[in-house]
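One-letter residues, chain by chain:
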Amino acid sequence: MQRAMSGVCRPFMKTLLKSCDGFGSRGLKTIMDVGGRLNIPDQGGANLPISPNQLAALIQTKLGLATEPDAADLQRILQLLASHGVFEEVPESGNQGAKAFRLTHIGQTLVPDDHGFSFGDFILRNCQDAFLRPWSHLHESVLDPRQAAFKRVHGVPCYEYYGKDSACNSLMQRAMSGVSVPFMRALLESYDGFGSEGLKTVVDIGGSSGSCLAMILERYPGLQGINFDLPEVVADAPQYQGMTHVGGNMFESVPTGDAIFMKWVLTSFKDEECQKILENCHRALPEKGKLIVCEPVLPENTDASVRTRALLVGDLFLMAMYKGLHPTESEYRKYGEAAGFSNFRSLDVDPYFTLMEFLKAMEDKDARLTMMHLANLISVPMALHTAVKLDLPDLIWQGGANLPISPAQLASLIRAKFSLATEPDAVNLQRILRLLASHGVFEEVPDHGNPPAKAFRLTDVGQTLATDDQGLSLGAYVLQHHQDALVQAWPCLHESALDSRQEAFKKAHGVSAYEYYGKDSACNSLMQRAMSGVSVPFMRALLESYDGFGSEGLKTVVDIGGSSGSCLAMILERYPGLQGINFDLPEVVADAPPYQGITHMGGNMFESVPAGDAIFMKWVLTTWSDDECKKILENCQKALPEKGKVIACEPVVPENTDNSERTRALLAGDIFVMAIYSAKGKHRTESEYRNIGVAAGFTNFRALYVDHFYTLLEFIK
């Protein structure tokens, strides 16, 4: 499939790049204008090397010229294009020192095929005078994007210009056919979506003459087709078996069908226009209908590949001529969601065009696939747990080297580190690594010198598991969440849904998680390390972006639920003039280390809290019910002076659920709280926290989104 697509379209991609590339495009146009195609029809595809002198004689004959073209000038043009891979320069046989030229694979895309199609007309279209003149006005489109450079020069947009200039319109139609027909041939070889069960009618929006739709109907003769374009366009469209031509305006409505197809349509319009087109398509489709779109799609990040360059020069062509753009995949996904489509997927069937499906409802096979993923999702955190248990992040990180390492090499390192009698199974290691690579924790790369074996290194996400110079990482957090005691609680989660008086952990173990930690020193130690691994990086970032601890008149900060006092110590280090009170249960602060300026104090926050100018808490309110949160905040309100404030850092869920990475992380954490700490504890919305603060007597509230997971909440007295 990929070979078929690449054989046709990679040359097009490179030809396109040259067609929008200054001198190269003009050289191509010169060759096209003088008729000097090296593989002219009467050569029958021989593609023999030919000298500029021979070529000049052929041009004179072909065009009936009185004199021969200048062979030296022809050679200069051919040499330039040879440097861009369009022609191959070879020694001229029998004429030492002279050069001859033949077409490369790229150059062969300029030769008409059996149906008369080539990319030659695309070159001529892009380089005709009407299209060249706007380029010198491109800067004006940057200064004022309301008009494309083309309209600034000609007074009308491109499509109106085509309507007034029949020769220009004819060239545009031939150019589009030259691009579309080879692409459609290859697309129909690799994509079977037009043959989906229940699909009877296909609508081609912006289908022009109907030639692309005709190719679809030829491949799937049981289908009926509707070719939809402007009335003046379809007026002269030829008749095809099984096809009806319909004129109209896609911004008003589109014909109904089981599937709607469009190619190179959306890219010519602005965001809001694209969304309007998609909304009209959504209305015209049945419940399980789909929109099949073929467009150039930019990569999310710019690189120097030929593909990216071809897409970007095409994007600038749109900017100059149409005021359109090449969006990224994520931008197309957003258009679809905003228009009401519930599912989206993209298929890289071609180096230049990307096929995108916008589904009105998820297909059964996609629904089953998603459910299989969800049903087996426990594999991901347990694979993560295994990776941390085996110390894979640190073994790969190696103090920052992060060089790719094979599973076999990792097996040897694990054996040495843990003094094992035998090496771990490298195959099973690879299975764990590749699953986590699919979730962005590791990057899978070829094993250098040992193809087709794989090697792995840490991504930015995976580096959070590597131990830093203070001995901290998120690895302990992974281990704490998936230790046996906590894992045993999850099968009881449904009972917490039936009866919220007890969390799943307590149902499994007979005591709360906090009581369990008090009885199991190893479990408690792991919990403390886990909290430090999460808290310290967050506190560093918080103290860089939030200056509320430096407010005028603030002298004493109380940290409620401060555990060892490490977070409070970071605050005091940043603001050395402050005094701190670390407040937690007596048994917790009993073993807390001493810090300069900090007093450790034991007590119960539901009874009272120490007085201070500001009260800080992190991940405290989320583990308690609304009534308990209100009680804590009431005690804080009593302990604060008139303009004192509570600074709470808590996970805050959005008011409306979406499928973003952030929302999923917050909601997964919410269920963890429900299962392990409190069936009535939860991750609240901003409005819920605001309401609890008002009920506790605070007159002012604000939320600062200083972190993707934690939100800083200020309750001001």
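**A word on the overall build of the protein chain**
A count of helices and strands for the protein chain gives 31 helices and 19 strands. Summarising its shape, the C-alpha atoms of the protein chain cover approximately 105 × 60 × 55 Å along the three principal directions. At a minimum sequence separation of 6, the contacts of the protein chain that also span at least 24 residues come to 62%. As displayed, the protein chain offers around 34,400 Å² of accessible surface, 52% of which is attributable to carbon and sulfur atoms. The centroid of the 65 positive side-chain charges in the protein chain is displaced by 1 Å from the centroid of its 85 negative side-chain charges.

**Focus: the environment of Ile59**
Structurally, Ile59 can be placed in helix H3 (residues 52-63). Note on Ile59: relative accessible area 2%, which makes it buried. A sequence separation of 576 residues divides Ile59 from Asn635, and the C-alpha atoms of the two residues are 95 Å apart.

**Description of helix H17 (residues 379-389)**
All of the buried residues in H17 are Val380, Ala383, Leu384, His385, Ala387 and Val388. Two residues or fewer past H17, Asp391 is found with a positive phi of approximately 65°.

**A word on the packing of aromatic side chains**
In this description, an aromatic ring pair is defined by two values, namely the gap between the centres and the angle between the planes. Applying the stated criterion across every chain, the model contains 36 aromatic pairs. A ring pair is formed by Tyr159 and Tyr162, whose centres lie 6.1 Å apart and whose planes are at 80°; its orientation type is edge-to-face. Of the two residues, Tyr159 and Tyr162 are both situated in helix H9 (residues 158-164); the distance of three residues between them amounts to about one turn of the helix. Residue Tyr159 is classed as partly exposed on the basis of its relative accessible area, which comes to 43%. For the pair Phe538 and Tyr710, a centre-to-centre distance of 4.8 Å together with 50° between the ring planes defines the contact as tilted. One end of the pair, Phe538, is in helix H26 (residues 521-545); the other, Tyr710, is in strand E19 (residues 710-716), with 172 residues separating them in the sequence. Using a relative accessible area of 5% as the deciding quantity, one classes Phe538 as buried. A residue is classified by how much of its surface remains accessible, and Tyr710, at 4% relative accessible area, is buried.

**Notes on the nonpolar core**
Side chains of nonpolar character tend, in soluble globular proteins, to be buried together. Leu187, Phe194, Ile216 and Phe261 are the most contacted members of the largest nonpolar core, which totals 50 residues. A total of seven residues in this core trace back to one element, the largest contributor, which is helix H10 (residues 166-190). Discounting chain neighbours no more than four positions away, the residues touching Phe261 are Met184, Leu187, Phe194, Val202, Val203, Asp204, Ile205, Ile216, Ile292 and Cys294.

**Focus: the sheet that holds strand E5 (residues 243-247)**
On the basis of which strands lie adjacent, the open sheet formed by seven strands has the order E5-E4-E3-E6-E7-E9-E8 and mixed pairing. Each edge of the sheet is formed by a strand with only one pairing partner; in this case those strands are E5 and strand E8 (343-347). Across this sheet, the average inter-strand angle for adjacent strands is 20°, counted without regard to direction. Sheet topology places E8 next to strand E9 (residues 353-359); five bridges connect them, and they run antiparallel. Of the residues in E9, the one forming a bridge with Arg345 is Glu357.

**Description of the environment of Ser253**
Residue position: Ser253 is located in the loop between E5 and strand E6 (259-263). Its relative accessible area of 42% is what places Ser253 among the partly exposed residues. A C-alpha to C-alpha distance of 56 Å links Ser253 and Val427, two positions 174 residues apart in sequence. Excluding its chain neighbours within four sequence positions, the residues that come into contact with Ser253 are Phe228 and Asn280.

**Quick notes on the pattern of salt bridges**
All told, the structure shown has 24 salt bridges when counted by the stated rule. One salt bridge connects Arg185 with Asp113, and the closest N-O pair in it is separated by 3.2 Å. Of this pair, Arg185 sits in helix H10 while Asp113 sits in the loop between strand E2 (99-103) and helix H5 (120-127), placing them 72 residues apart in sequence. Note on Arg185: relative accessible area 33%, which makes it partly exposed. When its relative accessible area of 25% is taken as the criterion, Asp113 is described as partly exposed. Between Glu714 and Arg702 there is a salt bridge, and its shortest N-O distance comes to 2.6 Å. A residue pair is termed long-range when its members are at least 10 positions apart, and Glu714 in strand E19 and Arg702 in strand E18 (residues 700-704) qualify at 12 residues. Here Glu714 falls in the buried class, since its relative accessible area comes to 3%. Residues joined by salt bridges that share partners form a network here, namely Glu140, Asp144, Arg146 and Arg152.

**Focus on H10**
If you check H10, its first and last C-alpha atoms are 36 Å apart, about what 25 residues at 1.5 Å a residue would give, namely 36 Å. Measuring from the side-chain oxygen of the N-cap residue of H10 to the backbone nitrogen of Ala167 gives 3.2 Å; that N-cap residue is Asp165.

**Some words on a nonpolar patch on the surface**
Together, Met371, Leu374 and Leu377 make up a nonpolar patch on the protein surface, roughly 270 Å² of accessible area in all. Tracing the backbone through its elements, the reader meets Leu374 in helix H16 (residues 364-375).

**Observations regarding unusual backbone geometry**
One non-glycine residue with positive phi stands out, namely Ser419, at about 50°. With respect to the helices and strands, Ser419 occurs in the loop between helix H19 (407-418) and helix H20 (426-438). For Ser563, which is not glycine, the phi dihedral falls at a positive 55°. Among the secondary structure elements, Ser563 is positioned in the loop between strand E12 (556-560) and helix H27 (566-574).

**Comments concerning the confidence of the model for the protein chain**
When pLDDT is averaged along the protein chain, the result is 87, and 93% of the positions lie at 70 or above. Across residues 26-42, confidence stays below pLDDT 50; counting only partners more than four residues off in sequence or on other chains, it has 45 contacts.

**Brief notes about the packing of H19 against H20**
How two helices pack is summed up by the angle between their axes together with the distance between the axes. Contact geometry of H19 with H20 gives a least axis separation of 8 Å together with a crossing angle of 110°. As judged from the angle between their axes, H19 and H20 are roughly perpendicular. Every pair of crossing elements has a handedness; the one defined by H19 and H20 is right-handed. Within the contact between the two elements, H19 uses Pro407, Ala408, Leu410, Ala411 and Ile414 and H20 uses Ala426, Leu429, Gln430 and Leu433. In the contact of H19 with H20, the residues fall into eight nonpolar, one polar and no charged.

Cut-offs used in this document
All residue numbers refer to position in the chain's written sequence, counted from 1. Local features are withheld for residues below a pLDDT of 70 in this predicted model, meaning they are given only at 70 or higher, and side-chain atom pairs are given and counted only at 80 or more; totals for whole chains, interfaces and linings count all residues. Water and hydrogen atoms play no part in the side-chain values, which are based on all heavy atoms of the structure. Numbered from the N terminus, helices here are DSSP runs of H or I no shorter than four residues, and strands are runs of E no shorter than two. Contacts: residue pairs with any heavy atoms within 4.5 Å of one another. The method behind every accessible area is Shrake-Rupley, applied with a 1.4 Å probe, and residues are considered shielded solely by the protein chains displayed. Charge counting treats Lys and Arg as positive and Asp and Glu as negative, with His and both chain ends excluded. Charged side chains are reduced to one point each, which is NZ for Lys, CZ for Arg, CG for Asp and CD for Glu. For the exposure calls, accessible area comes from a 1.4 Å probe over protein chains only, and a residue counts as buried if that area is under 20% of its type's maximum, exposed if over 50%, partly exposed in between. When two rings of Phe, Tyr or Trp (its six-membered ring) have centres within 6.5 Å they constitute a pair, described as stacked for plane angles under 30 degrees, edge-to-face for angles over 60, and tilted for the intermediate range. What is meant by a nonpolar core is a set of buried Ala, Val, Leu, Ile, Met, Phe, Trp, Tyr and Cys residues, joined one to another through side-chain atoms within 4.5 Å. Strands were regarded as paired on the criterion that DSSP finds at least two bridges between them. Axis definition: a line fit to C-alpha positions, over the contact stretch in the case of helices; interaxial angles, taken between N-to-C directions, run 0 to 180 degrees. When a carboxyl oxygen of Asp or Glu lies within 4 Å of a side-chain nitrogen of Lys or Arg, that pair is called a salt bridge. Expected span of a helix: the number of residues minus one, times 1.5 Å. N or O atoms within 3.5 Å of each other form a polar contact, as long as, within protein, one can give a hydrogen and the other can take it, and as long as residues adjacent in sequence are counted only when both atoms are side-chain atoms. Any residue with relative accessible area above 30% and no salt bridge may belong to a patch, with like charges joined within 9 Å and the nonpolar Val, Leu, Ile, Met, Phe, Trp and Tyr side chains within 5 Å. The score called pLDDT rates the predictor's confidence residue by residue, from a low of 0 to a high of 100. For this classification, under 35 degrees means roughly parallel, over 145 means roughly antiparallel, 65 to 115 means roughly perpendicular, and everything else is oblique. Two helices cross in a left-handed way if the nearer one is turned anticlockwise from the farther one by less than a right angle. They cross in a right-handed way if the turn is clockwise. Gly is placed with the polar residues, together with every amino acid not listed as nonpolar (Ala, Val, Leu, Ile, Met, Phe, Trp, Tyr, Cys and Pro) or charged (Asp, Glu, Lys and Arg).

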